[in-house]
Amino acid sequence: MATFLYKLGRLAFRRRHFVALIWVALLTLAGVGAASAPAAGNTSFSIPGTEAQKAFDLLDQRFPGTSSDGATARVVFKAPAGEKMTDKLNKATVKDTVKELSEGSEVDSVADPYKGKAVSKDGTIAYASVKYKVSGMELEDSSRDALKAAAQDARDAGLTVEIGGDALSATPETGSSEVIGIAIAAVVLVITFGSLLAAGFPLLTAIIGVGIGVSTITALASALDLGSTTSTLATMIGLAVGIDYALFIVSRYRAELAEGREREEAAGRAVGTAGSAVVFAGLTVVIALVGLSVVNIPMLTKMGVAAAGTVVVAVLIALTLIPALLGFAGRRIKPTGEKSKLLGGGRAKKKHADKPNMGTRWASFVVRRPVAVLLLGVVGLGAAAVPAASLQLGLGDDGSQPTSTTQRRAYDLLSDGFGPGFNGPLMVVVDAEDSAHPKSAFKKVDNEIKGLKDVVTVTPAAPNKAGDTATITVIPKSKPSSTTTEDLVHAIRDQGAEITADTDAKVLVTGSTAMNIDVSQKLNDALIPYLVLVVGLAFLLLIVVFRSILVPLKAALGFLLSVMAALGAVVAVFQWGWLSGLLGVEETGPVMSMMPIFMVGVVFGLAMDYEVFLVTRMREAYVHGEKPNQAVVTGFKHGARVVTAAAVIMMAVFSGFIGSSESMIKMIGFGLAIAVFFDAFIVRMAIVPAVLALLGKRAWWLPKWLDRLLPNVDVEGEGLRALSDKNADKNTGDDSGRDDEDRELVRA
């Protein structure tokens, strides 16, 4: 592989105008496709295999036209001090609001508070329930605007009005955080390279890659039912790996220049060596993202595949467009250690210019004291992971929103007027199609639920026209995200199994609260299979890369340690409330159900980036004759600065999301940022060199039978030496040798 990529790098450097034209054409084509594609709404949300989803599907069949999964809104009214909602003027205002709410084209029904007994006992709070024909993810902005306008009209009349429910749910805007991340990345790259031009290449190519990826997703959104949320993960990961991969190759190019190689040769060797690491690092990310399909949540699968496609684009850009841009830059890209004149270059060199860099000094320290460093790193991460033992998973509701939002204020008003469980009603669906006495089955279910703990209200069964299916609404005592409410859902389902045995009627529990519980359980059940799949495939891939058993094993174990430590930090902040004020966490509670599996997928890919790039330099030095400990130091000499820069950039990108007002976005940003910190600076920078120093030559041991079976991908570039000498001879003659090489690469 190194030889093929070496030739590809030289070809891209030499035919740079052609390569640049291809990428500009692809970006233009994707942009035109996105601009001309039909607008696609947000993708529908379904969780196949869960009881809540089965109940929704059953309702669609037995109650046609009722939009069982349609968006809902609760417009909550509070009377001024000293007044009641039953007063004549306040009642007239609510009536006008209900009439205004009913006028929307997507509105299915609006329940009048005074007809539906939706006024609190003290008469100060009332609410109107709005039901829409489409889900909250598919609701048009015009419907949301009409909802807000109706509420504002009631406010103008003197009432306190807030809106809850999923009708106001919208994709969070993250543009400003991305800009902050890119700005910090630019500063770090300038410091790393000492050149504005060299720093600009990773940013430029990452933006081009994300532009192609996101534009392609937009162009295919309507045909493949891809929602607006699908591009979110693609943007985040594409930006992250795009900068990383370009950073690796530009850094290696400058290192090759520092060793005295010609620019075309340096570009070829950079792509042949660092490019090989990029290919395999990219493969691990793709495996992690495509592996999200094992969870069997269609929206998550689409997000993973779309992001994986963006990663593939980032790899191809790094291998072709980067050497082409290096060719355009010419002598303006300086060798490692030299700065541009604008940043202080061209000055007389200091006497101690050959002083070992920070990476060399740190690696030398670690190989001298590997046991102490290893113990300190493992114990530190183990301590950080302790809170993970108390991990509680759930999905956020309006109660987890900031107090500044209307959803949270509506939630609090409903809790004050009707009790906390009123914010999470359960819908029990009774399927009596196979029952000899459907009405008796409905009555039995009603009575059994009334006898359960934590139940405030049970509405009478509401059957369909055929009389074979009915819905029963249950109001719990506890708030939706509490474990008590979760226990109630399980208790109703347990009672349902007994009722089925007695009456042949099936009992299903659904609603947003039950759906959240089922999603959490589904994600929790999928975590171990996902880990086995992703880590197992990556382990096999890394065996091929490093031709070792222990190095991939160490990489996988180190990753698990860093992820557990990051989950511990998330629990400490968002569940226990540590440093919550500093990070702006207004409400603690269960950790988002998707967080563990999402963190595993994203962080695993980035962690393997750092592992592959850092350890391949060690492997390269070892293969070229250095002793094991010296190879570790050499790997850090050339790779530590780049890996550090890449990690800081990723932390900056993810940390930008901590400032979001959305609790879930804040949690994702913090979790990914702290995970990258733990993995890059403790696992890869401390534990990895300590373990390799302790293992010595055994780190690179591979059974002979396995060595014969594995393909030789030559990541360390051993086969480039003879090829470099051959090309050096060609370069002394005319361009015919180059043309022959171009034709050879095309045939390959």
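The preceding data block contains the structure.
Values in this document were obtained by computation on a predicted structure and should not be read as measured data.

Caption draft 1: Quick look at the packing of helix 1 (residues 2-14) against helix 9 (residues 263-290). The N-to-C vectors of helix 1 and helix 9 enclose an angle of 130°; their axes lie 7 Å apart at closest approach. The orientation of helix 1 with respect to helix 9, classified from their angle, is oblique. Note on packing geometry: the crossing formed by helix 1 with helix 9 is right-handed. On helix 9, the residues touching A2, L5, Y6, G9, R10, F13 and R14 of helix 1 are R263, E264, E265, A267, G268, R269, V271, G272, G275, S276 and V279.

Caption draft 2: Quick peek at the pattern of salt bridges. If you walk through the whole model with that rule in mind, you get 22 salt bridges. A salt bridge links R10 to E265; the shortest N-O distance between them is 2.9 Å. One end of the pair, R10, is in helix 1; the other, E265, is in helix 9, with 255 residues separating them in the sequence. Residue class for R10 comes out buried when judged on its relative accessible area of 1%. The buried category is assigned to E265, whose relative accessible area is 9%. Note that R409 and E162 form a salt bridge whose closest N and O atoms lie 3.0 Å from each other.

Caption draft 3: Layout of helix 2 (residues 16-36). The terminal C-alpha atoms of helix 2, which comprises 21 residues, lie 30 Å apart, in line with the 30 Å expected from a rise of 1.5 Å per residue. Within the sequence span of helix 2, burial applies to V19, A20, W23, A30 and A34. Projected onto a plane normal to the axis of helix 2, the buried residues spread over an arc of 100° and lie on a single side. What points out from helix 2, more than 90 degrees from its buried face, is the exposed set H17, F18, L21, V24, L29, A35 and S36.

Caption draft 4: Seen up close, the pairing of strand 9 (residues 469-476). Of all 8 residues making up strand 9, 7 are buried, and the element is well covered by its neighbours. Relative to strand 9, strand 6 (residues 426-431) runs antiparallel, the two sharing 6 bridges. Bridged to L426 within strand 9 is V474. Of the pairings in the sheet, the one linking strand 7 (residues 455-458) to strand 9 comprises 3 bridges and is antiparallel in character. The residue of strand 9 that forms the bridge with V458 is V474. With 2 bridges joining them, strand 8 (residues 462-463) and strand 9 adopt antiparallel strand pairing. If you follow P463 over to strand 9, its bridge partner there is A470. Hairpin remark: strand 8 followed by strand 9, antiparallel, with 5 residues in the connecting loop; positive phi at G467, about 75°.

Caption draft 5: Just the side chain of D112, in detail. As for its position among the elements, D112 is in the loop between strand 2 (107-111) and strand 3 (125-132). The residues touching D112, leaving out its near neighbours within four places in the chain, are K95 and V98.

Caption draft 6: Molecular detail of the environment of R14. With respect to the helices and strands, the residue R14 is situated in helix 1. Residue class for R14 comes out buried when judged on its relative accessible area of 13%. On a C-alpha basis, the gap between R14 and F328 in space is 9.6 Å, while along the polypeptide they are 314 residues apart.

Caption draft 7: Region of interest: the packing of helix 15 (residues 483-503) against helix 16 (residues 512-546). Where helix 15 meets helix 16, the closest approach of the two axes is 10 Å, and the angle between their N-to-C directions is 90°. With respect to helix 16, the axis of helix 15 lies roughly perpendicular. Between helix 15, through T485, E486, V489, H490 and R493, and helix 16, the contact on the second element is made entirely by T513, A514, I517 and D518. Among the residues forming the contact of helix 15 with helix 16, the class breakdown is 3 nonpolar, 3 polar and 3 charged.

Caption draft 8: Focus on the sheet that holds strand 1 (residues 72-78). On the basis of which strands lie adjacent, the open sheet formed by 4 strands has the order 2-3-1-4 and antiparallel pairing. Across the chains shown, the open sheet's two edge strands, defined by having one partner strand only, are strand 2 and strand 4 (160-164). Strand-to-strand twist of the sheet, defined as the mean angle between neighbouring strand axes without regard to direction, takes the value 20°. Against the sheet, helix 13 (residues 406-418) engages strand 1, strand 3 and strand 4, with an angle of about 105° to strand 4.

Caption draft 9: Summary view of the packing of aromatic side chains. Evaluated as defined, the whole model comprises 9 aromatic pairs. Ring geometry for Y622 against W700: centres 5.8 Å apart, planes inclined by 25°, an arrangement best described as stacked. Taken as a pair, Y622 in helix 19 (residues 595-623) and W700 in the loop between helix 21 (663-695) and helix 22 (704-709) lie far apart in primary sequence, 78 residues in all. Look at F677 and F681: their rings are 5.7 Å apart centre to centre, the planes differ by 45°, and that puts the pair in the tilted class. With F677 and F681 both in helix 21 and 4 residues apart, this pair spans about one turn of that helix. Taking relative accessible area as the criterion, F677 reaches 33% and is therefore assigned partly exposed. Feature note: the residues Y127, F418 and F422 constitute an aromatic cluster, connected by ring pairs. We note R16 situated over the ring of F13; from NZ or CZ to the ring centre the distance is 5.4 Å.

The rules behind each value
Residues numbered from 1 in each chain as written. Predicted model: local features only at pLDDT ≥ 70, side-chain atom pairs only at ≥ 80, totals over all residues. Heavy atoms only, no water. Axes fitted to C-alpha atoms, helices over the stretch in contact; angles between N-to-C directions. Helix = DSSP H or I, 4+ residues; strand = E, 2+ residues; numbered from the N terminus. Parallel < 35°, antiparallel > 145°, perpendicular 65-115°, else oblique. Left-handed = near helix turned anticlockwise from the far one by under 90°. Contact = heavy atoms within 4.5 Å. Salt bridge = Lys/Arg side-chain N within 4 Å of Asp/Glu carboxyl O. Buried < 20%, exposed > 50% of the residue type's maximum accessible area, 1.4 Å probe, protein only. Expected span 1.5 Å × (residues − 1). Arc of directions from axis to C-beta. Pairing = 2+ DSSP bridges. Nonpolar A, V, L, I, M, F, W, Y, C, P; charged D, E, K, R; others polar. Phe/Tyr/Trp six-rings, centres within 6.5 Å; stacked < 30°, edge-to-face > 60°. Lys NZ or Arg CZ within 6 Å of the ring centre and 35° of its normal.

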